[in-house]
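Commentary on secondary and tertiary structure
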Amino acid sequence: MPGLSHILLSFYILGYIFCGSRAWHVYMPGNIKGLVGSCLVIPCTFDYYSNPPRRPNRVVWYQYNNHKYPKVHDSWYPSEVIGIFYRKTRVFTYNQKCSLEIDPVTWHHHRQRIYPWVDPENIGRYTHRFFDKTVTIEVVSRPETPSIMISGSMKVGQPVLVQCTVYHTCSTNPPTLSLNIPLRSHSLTHSSTSGGTSKTTLTTTLNIENDHQSVECSVRHTGGLTAKATKTLNAECSFSPLTISHTSDEFLEGQASKVSCTASYTCPKHIPTLTWNYGSMPASTDTSKRGTEWSFPYQEDEPVTRGIWSKKSGGVIYHNAPSYVVDHFKGRTRILGDVNEGNCSLEIDDIKPFDNGPFCFHAEKGNNNRHRFNNSCVFIVMKASPGKPVMTSVPAEIYAGSTITVSCSVTHTCPSHPPVFSWSVPSLSSEVTHTSTPQGIWQTTSTITFMAAGGDGAKTLTCTAIWWRGKQQDNTVQLTVKGSSSRAVAIAVPVLIVVILAAVVGVVFYRRRKRSDDSLRRPPRPEKRFVGKP
């Protein structure tokens, strides 16, 4: 049975190659856009059920090349990185990640085709062909225009929800969003979408004051490129029934009595004309605005020249002219908002033990016009370590292969550099939200959905929050996993090969049987054998 042995051997080799090629998976987009001057994060994860790497956190990125292996990133040998990527990259390797950050993106990166390699120092006969999965970078010069969505009752005097969303590929340093309306109960969310794109959304509440009102959203990316969008809000005007009031319940002939008729309306241009049924009555009209919050912090004809923060005991800690700032605070402070829009928020970076204040704010207009404000001083309460993350509850027992959604939250006071999260499990989807709370405190929440890995017994789920400049805290919960999903995958492939092999063997035996049947038939007559021969 030499033919059958040859077929069996061929299928054994093919099955072996098939199993080896399916042992590893690398997940990343095939193409991704990067905004010039901004950063670019290429999401990358890997998974395997056999042939594990010796060093899973050792990831090197290469430029695709037919003959050589030019390096895009190598933390062990940074001097070997090619010039266009030198000192512009870093890699995130926790939880089977291989994501690459490029900062800043330049035109030299356009059309670059690159790929990662996990544990490149250990290459053997079972090593995965990492260069079969590449990503191509497309550098663009124009940022995407943000989108504005307004929902709610479109009536003057009613609140509506305003959302401004922008898509980008710089998740580690997302763009800033601003609106031309006051921010009330606002929140900022960051989430990942398909194809390596991230989404940043600013949400706030707007009280409609006019029947025609423009909402403008501006986005500013790292590197300085900006874009804006405008949406006109058309609202309905409303009127309330007339009300008549009087100072007395008795009216005496010959004596004057005061009677008031009030008309309430929401649109200033719709001023009603009031008339009485007694035309000879002396009457007066007064118009006033009620129930609407006014904000008039500055005069438009004289903008604020500068905003200054200083210690109450003396000494400037922030000034737009750095020479005025005391040495202890130089290079560590900046104003996050626009003081002409009423935002004088101060950021103090690399906080020191004695940076507790109190610190006070005042503004200057022109050369000599100085304005101080009531309750404009703040005292900072120092903490030696950040708070522990709070994790939502998870089931005590789960089955392998099932999906679970869990959230992890922390509070902080640094919205420009919020904490980042890492999980002890690879996630199917993830979302990060930032919500402002009273007294300048922010809450950042990471929500993931993950699939329970196989293997009976107790498992741990850990959420780690990493604050700006390295401090971190974690929270761990225990859960019990029943069953094994990886075992099913490992069994499925050999079973498939056996089925294919059985089909091939059946075909071989069928052909041999047919050939033996043909040999038992009578041979044709001699004259039939030589038909057509001379």
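The model shown is predicted, which means the values in this text are computed figures rather than measured ones.

**A word on the overall build of the chain**
Check the secondary structure of the chain and you find three helices and 33 strands. Looking at the chain as shown, the accessible area adds up to about 33,600 Å², and 53% of this sits on carbon and sulfur atoms.

**Observations concerning the packing of aromatic side chains**
How two aromatic rings sit relative to each other is set out by the distance from centre to centre and by the angle between their planes. Under the defined criterion, the tally for this structure stands at 13 aromatic pairs. Look at W24 and F130: their rings are 5.5 Å apart centre to centre, the planes differ by 75°, and that puts the pair in the edge-to-face class. Residue W24 is located in strand β1 (residues 24–27), and its partner F130 is located in the loop between β9 (113–118) and β10 (135–140); the two are separated by 106 residues in the primary sequence. Looking at W24, the relative accessible area reads 6%, which means it is buried. For the pair W309 and F361, a centre-to-centre distance of 5.6 Å together with 50° between the ring planes defines the contact as tilted. Taken together, the residues span a long stretch of sequence, with W309 in strand β20 (residues 306–311) and F361 in strand β24 (residues 359–365) at a distance of 52 residues. Pair check on accessibility: W309 and F361 agree, each one buried. Counting every residue linked through ring pairs, the aromatic cluster contains W24, F46, Y48, Y62, Y64, Y69, Y115, W117, F130 and F131. Here R58 stacks its cationic end above the ring of W76, 4.0 Å away from the centre of that ring. We note R113 situated over the ring of Y64; from NZ or CZ to the ring centre the distance is 4.0 Å.

**Things to note about the environment of G37**
Note on placement: G37 falls in the loop between β2 (31–35) and β3 (40–42). The exposure class of G37 is partly exposed, given its relative accessible area of 27%. In sequence terms G37 and P104 are 67 residues apart; their C-alpha atoms lie 5.2 Å from each other. When near neighbours in sequence (up to four residues on either side) are disregarded, G37 contacts P104, V105, T222 and G223.

**So, the sheet that holds β10**
Strand order in the open sheet formed by five strands is β2-β10-β9-β5-β6, and the pairing between neighbours is mixed. Of all the strands in the sheet, just β2 and β6 (71–73) have a single pairing partner and so form its edges. If you compare each strand with its neighbour and ignore which way they point, the axes differ by 35° on average. Of the pairings in the sheet, the one linking β2 to β10 comprises five bridges and is parallel in character. For G34, the partnering residue across the bridge sits in β10 and is V139.

**Description of the environment of T273**
Tracing the backbone through its elements, the reader meets T273 in the loop between β19 (259–262) and β20. Relative accessible area serves as the criterion here: at 71%, T273 is assigned to the exposed category. The sequence separation of T273 and A263 amounts to ten residues, and the corresponding C-alpha distance is 9.3 Å.

**Re unusual backbone geometry**
Between D103 and P104 the backbone carries a cis peptide bond, its omega angle lying at 0°. The residue P104 is located in the loop between β8 (99–102) and β9 in this model. Phi is positive for R87, close to 60°, though the residue is something other than glycine. Looking at where R87 falls in the secondary structure, it is placed in the loop between β6 and β7 (89–92).

**Describing the nonpolar core**
Of all hydrophobic cores here, the largest spans 29 residues; its most connected members are I42, W61, L100 and I114. For this core, the secondary structure elements donating two or more residues are β1, β3, β5 (59–63), β8, β9 and β10. Setting aside its immediate chain neighbours within four residues, I42 contacts I32, W61, S99, L100, I114, V135 and I137. One finds I150, V160, I208 and C217 within the second-largest nonpolar core, a separate group that totals 21 residues.

**Quick word on the side chain of S187**
Within the fold, S187 resides in strand β14 (residues 187–192). Setting aside anything within four residues of it in sequence, one finds S187 in contact with T201, L202, T203, H434 and T435.

**Overview of the sheet that holds strand β29 (residues 420–423)**
Read across the open sheet, the four strands follow the order β27-β33-β32-β29; overall the sheet is mixed. Whereas interior strands pair on both sides, the edge strands pair on one side only; in this sheet they are β27 (397–399) and β29. Here the strands of the sheet are splayed against their neighbours by 35° on average, with no regard to which way each runs. With four bridges joining them, β29 and strand β32 (residues 457–466) adopt antiparallel strand pairing. Bridge assignment links W423 to a residue of β32, and that residue is C463.

**What to know about the state of the cysteines**
Going through the model one piece at a time under the given rule, you end up with five disulfides. Shown here is the disulfide that connects C408 with C463, its sulfur atoms set 2.1 Å apart. The S-S bond linking C408 to C463 shows a torsion near -90°; that makes this disulfide left-handed. Taken together, the positions of C408 in strand β28 (residues 403–412) and C463 in strand β32 put the pair 55 residues apart, joining distant regions of the chain. As far as burial versus exposure is concerned, C408 and C463 are alike and both buried.

**Describing the pairing of β10**
Where β9 meets β10, two bridges bridge the pair, whose relative direction is antiparallel. Bridge pairing links R113 to T136 in β10.

**Notes on the pairing of β9**
β9 sits mainly inside the fold: five of its six residues count as buried. Pairing analysis gives five bridges linking β5 to β9, with the strands arranged antiparallel. Pairing of W61 across the sheet is with P116, part of β9.

**Things to note about the confidence of the model for the chain**
Taken as a whole, the chain shows an average pLDDT of 79; of its residues, 76% reach a score of 70 or greater. Low pLDDT (under 50) marks residues 4–21, which in the prediction has 15 contacts with non-local residues, meaning those over four places away or in another chain. Counting contacts from residues 485–493, a segment whose pLDDT is below 50, to residues more than four positions away or on other chains yields ten contacts.

**Thoughts on the environment of S50**
In this fold, S50 is placed in the loop between β4 (45–48) and β5. Residue contacts for S50: discarding those within four places in its chain leaves A23 and W24.

About the thresholds
- Residues numbered from 1 in each chain as written.
- Predicted model: local features only at pLDDT ≥ 70, side-chain atom pairs only at ≥ 80, totals over all residues.
- Heavy atoms only, no water.
- Helix = DSSP H or I, 4+ residues; strand = E, 2+ residues; numbered from the N terminus.
- Areas by Shrake-Rupley, 256 points an atom, 1.4 Å probe, with all protein chains shown as cover.
- Phe/Tyr/Trp six-rings, centres within 6.5 Å; stacked < 30°, edge-to-face > 60°.
- Buried < 20%, exposed > 50% of the residue type's maximum accessible area, 1.4 Å probe, protein only.
- Lys NZ or Arg CZ within 6 Å of the ring centre and 35° of its normal.
- Contact = heavy atoms within 4.5 Å.
- Pairing = 2+ DSSP bridges.
- Axes fitted to C-alpha atoms, helices over the stretch in contact; angles between N-to-C directions.
- Core = buried A, V, L, I, M, F, W, Y, C linked by side-chain atoms within 4.5 Å.
- Disulfide = S-S within 2.5 Å.
- pLDDT = per-residue confidence, 0-100.

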